[in-house]
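# Descriptive analysis of the structure
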Amino acid sequence: MKKMSRNVLLQMEEEDDDDDGDIGDVPASRRPFLTPHTHLPSSLVLENLGQTIIPDLGSLESQNDFRTPEFEEFNGKSDSLFFNDGQRRIDFVLVYEDESRKETSKKGTNEKQRRKRQAYESNLICHGLQLEATRSVLDDKLVFVKVHAPWEVLCTYAEIMHIKLPLKPNDLKNRSSAFGTLNWFTKVLSVDESIIKPEQEFFTAPFEKNRMNDFYIVDRDAFFNPATRSRIVYFILSRVKYQLINNVSKFGINRLVNSGIYKAAFPLHDCKFRRQSEDPSCPNERYLLYREWAHPRSIYKKQPLDLIRKYYGEKIGIYFAWLGYYTQMLLLAAVVGVACFLYGYLNQDNCTWSKEVCHPDIGGKIIMCPQCDRLCPFWKLNITCESSKKLCIFDSFGTLVFAVFMGVWVTLFLEFWKRRQAELEYEWDTVELQQEEQARPEYEARCTHVVINEITQEEERIPFTAWGKCIRITLCASAVFFWILLIIASVIGIIVYRLSVFIVFSAKLPKNINGTDPIQKYLTPQTATSITASIISFIIIMILNTIYEKVAIMITNFELPRTQTDYENSLTMKMFLFQFVNYYSSCFYIAFFKGKFVGYPGDPVYWLGKYRNEECDPGGCLLELTTQLTIIMGGKAIWNNIQEVLLPWIMNLIGRFHRVSRSEKITPRWEQDYHLQPMGKLGLFYEYLEMIIQFGFVTLFVASFPLAPLLALVNNILEIRVDAWKLTTQFRRLVPEKAQDIGAWQPIMQGIAILAVVTNAMIIAFTSDMIPRLVYYWSFSVPPYGDHTSYTMEGYINNTLSIFKVVDFKNKSKGNPYSELGNHTTCRYRDFRYPPGHPQEYKHNIYYWHVIAAKLAFIIVMEHIIYSVKFFISYAIPDVSKRTKSKIQREKYLTQKLLHENHLKDMTKNMGVIAERMIEAVDNNLRPKLE
């Protein structure tokens, strides 16, 4: 290996022609970077991160300064996780294509890429990392650079990153379960502890090199687990420089991968997922995760969260913990939802108003007014018989009970999840996550403006001024607003489609109004319009979603958040706001706008002055809302599974097919992992987004579809195992990351929970016919408004359909070409208005105002009751249980005591040595005088 004692940066005066954008550029005089420091104290290393130390290092031709990795041949051990010496563990792998063997004519570009890579690898070596290169077994153009972090480097950066490490074993006893009699049942659902052994618990503290003796170091090789080692190495890889051009430095492995200088960078899986490693020292955690977590036969078992956290890091672990807890809580909601659905299904034969619609002497003799101009015919009410029967299932008293229950359920879920999250923070040692999150390299690259910190009164660097920040925020907000308007425009387009195609279906479908044609019986104009519009809406949603994902990332990159958490939170809000409008806009339209502003046959309301506003069925728009939810939820689940399962599987299958001719060769672990699919930077973000959108469907519109929690439950049970299978078998191992909670998704869920109370109350009040039926039953079925002697639902249909005189049609509707139903002087329409001939003809009658008052009263009462229960539950259930608080305080006390005692021992020992030396010195001084 060539020797060197300083950092290497390529200096170039000519234009840089690599296609890697501007991310990672910064003037050399203003950019902090890593310097060779493996033997420096951590405090000086941390200081170097914020200083500017760039020596004058010559030009491209100074290649003799490069320190290059050693090239070694593959030793034939396919399961090995170590360098060829069998001692140094592989913490990270970098993959590149050898430029000298590329089949391309761009020799100048290849030479520049090679020199950049050499400078980068040389600087990695200068920062204490050890590299070993091995050529690919299957493709000799590929080279794998294995990275190892020695003990000194790990200790240095563990202190910089404030990583908490073990002090001593935790001797706190866990309280026995209160459900001791059910241990046999929980044992069946739990992971077999003889297969996945429980992790030993420790008291921990942020690592400090000068107090290394206080930490529980039994074996240096095992003190930093593989996940922590990979996280430390990735921290270094992301900040080491490789080029200086016009006093601007470029840095970071992400930039090198994006520009094609490296093909990939990833930590290694520890073994194959189908069988255990031949290396006896390998823990085989990937194999255990596949067997006990990702395999279909483990679908009924609890997740091994501790092993997931250990292998993939806290960020992945907290996602699966949240998804598992959400799925458990859905079980209760699904049971209640199915009960309410069965209640409606079993009582549909007792639905009086549906019987009236289907009765040949009632619904069969009620002639309804045309629902569009010119082309639409008169039609008999009984053609909606089947839809009215289905509506009785969903529009029942059980729906009201379920809506109130879900308002309480969502609060219980959020509050108990906070408690569960607090328990995980304690168990996973992230209660006081003292790691000060480092700024993203992309942010640091733009820090060219100097300002005075108001708190410290010291200079600090920021990427842009206050005016520049305002401009960026304005541009980003405008872009987001433009895309939201684009969604609204697509919704309007769907509405226009519904209005125009309804005319066609009305003209084509109901030719013979006899009630016996099966097509006419089930495929009414309203149903055909609803189904086709829902399918088109879903297709548009998915197209806009695909486009906006890229746009949102571009906007967030332009906004330039400081830390990765800030970046993810900013992207989360943008994506959710867009997705909220994209997925829910059509549902909001059907629930709260369709059929609400239609006027009456003599004076209809027109869209854009051309399209007559569409009406609901005589039973309301609730069934159509249910259809819309079913299509979008089902279609979304199918589409996501295709994206998450089939695409990675097909890509890996194609890769294996191309390599089948060389399959007889033994390939090393790093080459096997390279041919897996890379997980995107925001892979976990999309998993959260998918579940939060589902959470919105389950809560916001559950009053129209009680089976939504059941569908979500089935989907989530499969989703957990699909995600587990995908991570363990199809994707490279992710870089482990720390996380204390689920981030911005928590307040988003709380906002959805508050909005859900309003939407469900309004769905029951304005979309369903529950309130008009209750008003009729208690007020208008008996005197003074009704003719019945007792409270009844008989006559409800006749009472809620107003009368219109055909001669009062405007010119657009006169001369209707359909005459199959004969000549009619009057027709009926869905509204509460006075009949023709009344002094206030076609004005809203007293029934209408009673219904409006009852609807408003219902919304106010329901909202206040549910909100009161929600706030009481939130107050009564603390975010952190008393047991967890006691554990946290006890551990903090014992940790501080342990550190203090160790510090006192060191001081006592040092003072004893000093005292002995002082006494010895005094004796030496007094002895000559006495003599």
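Analysis parameters
- Residue positions within a chain follow its written sequence, with the count starting from 1.
- With the structure being a predicted model, the display of local features is reserved for residues of pLDDT at least 70 and the display and counting of side-chain atom pairs for 80 or more, all residues being used for whole-chain, interface and lining totals.
- To get the side-chain values, take all heavy atoms of the structure and skip hydrogens and water.
- By salt bridge we mean one thing: a side-chain nitrogen of Lys or Arg within 4 Å of a carboxyl oxygen of Asp or Glu.
- Put simply, DSSP H or I for four residues or longer makes a helix, DSSP E for two residues or longer makes a strand, and each gets a number counted from the N terminus.
- Relative accessibility decides the category of a residue: with a 1.4 Å probe and only protein chains considered, values under 20% of the type maximum give buried, values over 50% give exposed, and everything between is partly exposed.
- Note on terminology: disulfide denotes any pair of cysteine sulfur atoms within 2.5 Å.
- What we call a nonpolar core is a set of buried Ala, Val, Leu, Ile, Met, Phe, Trp, Tyr and Cys residues that are connected through their side-chain atoms within 4.5 Å.
- For two strands to count as paired, DSSP must find a minimum of two bridges between them.
- Note on contacts: a residue pair is in contact if any heavy atoms of the two residues lie within 4.5 Å.
- Geometry is summarised by axes, namely lines fitted to C-alpha atoms with helices restricted to the contacting stretch, and by angles between N-to-C directions that run from 0 to 180 degrees.
- The labels follow the angle: roughly parallel below 35 degrees, roughly antiparallel above 145, roughly perpendicular from 65 to 115, and oblique for the rest.
- A crossing counts as left-handed when the near helix is turned anticlockwise from the far one by less than a right angle, and as right-handed when that turn is clockwise.
- In the scheme used here, Gly and all other residues not listed as nonpolar or charged are polar, with Ala, Val, Leu, Ile, Met, Phe, Trp, Tyr, Cys and Pro taken as nonpolar and Asp, Glu, Lys and Arg as charged.
- Counting of polar contacts relies on pairs of N or O atoms within 3.5 Å, with two restrictions inside protein: one atom must be capable of donating a hydrogen and the other of accepting it, and residues adjacent in sequence are counted only when both atoms are side-chain atoms.
- Residue-level confidence of the predictor, termed pLDDT, takes values from 0 up to 100.
- For a helix, the expected span equals 1.5 Å multiplied by the number of residues minus one.
- Surface patches are defined over residues having more than 30% relative accessible area and no salt bridge, joining like charges when they lie within 9 Å and nonpolar side chains (Val, Leu, Ile, Met, Phe, Trp, Tyr) when within 5 Å.
- A 1.4 Å probe and the Shrake-Rupley method give the accessible areas. Residues count as covered only by the protein chains that appear here.
- Between the rings of Phe, Tyr and Trp (Trp by its six-membered ring), a pair exists once the centres lie within 6.5 Å; its type follows the angle of the planes, with under 30 degrees stacked, over 60 edge-to-face, and the other angles tilted.
- Charges are assigned to positions over rings by a cutoff of 6 Å between ring centre and Lys NZ or Arg CZ, combined with an angular limit of 35 degrees from the ring normal.

## Some thoughts on the pattern of salt bridges
A side chain with one charge can pair with a side chain of the opposite charge if their charged atoms come near. Counting across every chain of the model gives 32 salt bridges. When the shortest N-O distance is used, the salt bridge between Glu152 and Lys209 registers 2.6 Å. Taken as a pair, Glu152 in helix H3 (residues 151-160) and Lys209 in the loop between strand S8 (202-206) and helix H5 (220-223) lie far apart in primary sequence, 57 residues in all. Across the pair Asp214 and Arg211 runs a salt bridge whose closest N-O atoms are separated by 3.3 Å. With a relative accessible area of 25%, Arg211 lands in the partly exposed category.

## A look at the state of the cysteines
Inspection of the entire model under this criterion finds three disulfides. Note that Cys351 is cross-linked by a disulfide to Cys392, the S-S spacing being 2.3 Å. Measuring handedness by torsion sign, the sulfur bridge of Cys351 and Cys392 sits at about -70 degrees and is left-handed. With Cys351 in the loop between helix H10 (314-346) and helix H11 (352-358) and Cys392 in helix H12 (residues 385-394), this residue pair connects regions lying 41 residues apart in the sequence. Assessed through its relative accessible area of 5%, Cys392 is described here as buried. Two residues, Cys358 and Cys385, share a disulfide whose sulfurs are 1.9 Å apart. Where Cys358 bonds to Cys385 through sulfur, the torsion about that S-S bond is close to 100 degrees, and the disulfide is right-handed. Highlighted residues: Cys358 in helix H11 and Cys385 in helix H12, separated in sequence by 27 residues.

## Quick look at the nonpolar core
In globular proteins that are soluble, nonpolar side chains generally tend to be buried together. Within the largest apolar cluster, 162 residues are counted, with the highest numbers of intra-cluster contacts made by Trp322, Tyr326, Trp409, Phe413 and Phe697. Counting residues per element, this core draws most heavily on H10, at 15 residues. By size, the runner-up hydrophobic cluster in this structure holds 42 residues, among which are Ile125, Ala133, Ile163 and Ile261.

## Considering the sheet that holds strand S11 (residues 264-266)
As summarised here, the arrangement of the five strands in space is S3-S5-S6-S4-S11, forming an open sheet in which the pairing is mixed. The strands lining the two open edges of the sheet, one partner per strand, are strand S3 (70-71) and S11. Relative to strand S6 (residues 142-148), strand S5 (residues 130-135) is paired through six bridges, and the arrangement is antiparallel. Paired with Arg135 across the bridge in S6 is Val143. Sitting on the sheet, helix H6 (residues 226-237) touches strand S4 (92-97) and S6, and the angle it makes with S4 is about 45 degrees.

## Examining the packing of H10 against H12
The geometry of H10 relative to H12 is characterised by a closest axis approach of 6 Å and an angle of 140 degrees between their N-to-C directions. Considering their axes alone, H10 and H12 lie oblique with respect to each other. The way H10 lies across H12 gives a crossing that is right-handed. Residues Phe341, Gly344 and Tyr345 of H10 form the contact with H12, whose own contacting residues are Cys392, Ile393 and Phe394. Here the residues of the contact of H10 with H12 are counted per class, giving five nonpolar, one polar and no charged.

## Focus: the environment of Thr667
Considering the arrangement of structural elements, one finds Thr667 in the loop between helix H19 (622-658) and helix H20 (669-674). A sequence separation of 591 residues divides Thr667 from Gly76, and the C-alpha atoms of the two residues are 7.7 Å apart. Dropping the residues within four chain positions of it, Thr667 is found in contact with Phe74, Ser78, Leu138 and Gln672.

## Observations concerning the side chain of Ser802
If you trace the backbone, Ser802 turns up in strand S20 (residues 801-805). Judged by its relative accessible area of 5%, Ser802 falls in the buried class. At a separation of 2.6 Å, a polar atom in the side chain of Ser802 contacts the main-chain carbonyl oxygen of Asp831.

## Brief notes about the confidence of the model for the chain
On average, residues of the chain carry a pLDDT of 79, and 81% of them reach 70 or more. For the stretch residues 1-6, pLDDT sits under 50, and the model shows 15 contacts to residues farther than four places along the chain or on other chains.

## Looking at helix H13 (residues 397-427)
In this model, H13 (31 residues) spans 44 Å end to end at C-alpha, consistent with the 45 Å of a helix rising 1.5 Å per residue. Immediately downstream of H13, the backbone of Asp429 shows phi near 65 degrees, a positive value.

## Quick look at a nonpolar patch on the surface
On the surface, a nonpolar cluster with roughly 690 Å² of combined accessible area is contributed by Ile638, Ile642, Leu646, Trp649, Ile650, Met651, Leu653 and Ile654. Taking relative accessible area as the criterion, Met651 reaches 46% and is therefore assigned partly exposed.

## Topic: the packing of H13 against helix H21 (residues 683-700)
Helices that pack against each other are described as a pair by the angle of their axes relative to one another and the distance between those axes. One can describe the packing of H13 onto H21 by two numbers: an axis separation of 10 Å at closest approach and a directional angle of 145 degrees. Here H13 contributes Met406, Trp409, Val410 and Phe413 to the contact with H21, which in turn contributes Phe695, Val698 and Thr699. Along the lines of polarity and charge, the residues of the contact of H13 with H21 split into six nonpolar, one polar and no charged.

## A word on the packing of aromatic side chains
Tallied over the entire structure, the rule returns 61 aromatic pairs. Note on Trp778 and Tyr791: the rings are 5.1 Å apart at their centroids and 55 degrees apart in plane angle, and the pair reads as tilted. Of this pair, Trp778 sits in helix H24 (residues 770-780) while Tyr791 sits in the loop between H24 and helix H25 (796-800), and the two are 13 residues apart along the sequence. Take Trp778: its relative accessible area is 53%, and that puts it in the exposed class. Here Tyr791 falls in the partly exposed class, since its relative accessible area comes to 44%. In this arrangement the basic side chain of Arg472 is found over the ring face of Phe558, its NZ or CZ atom lying 4.7 Å from the centre.

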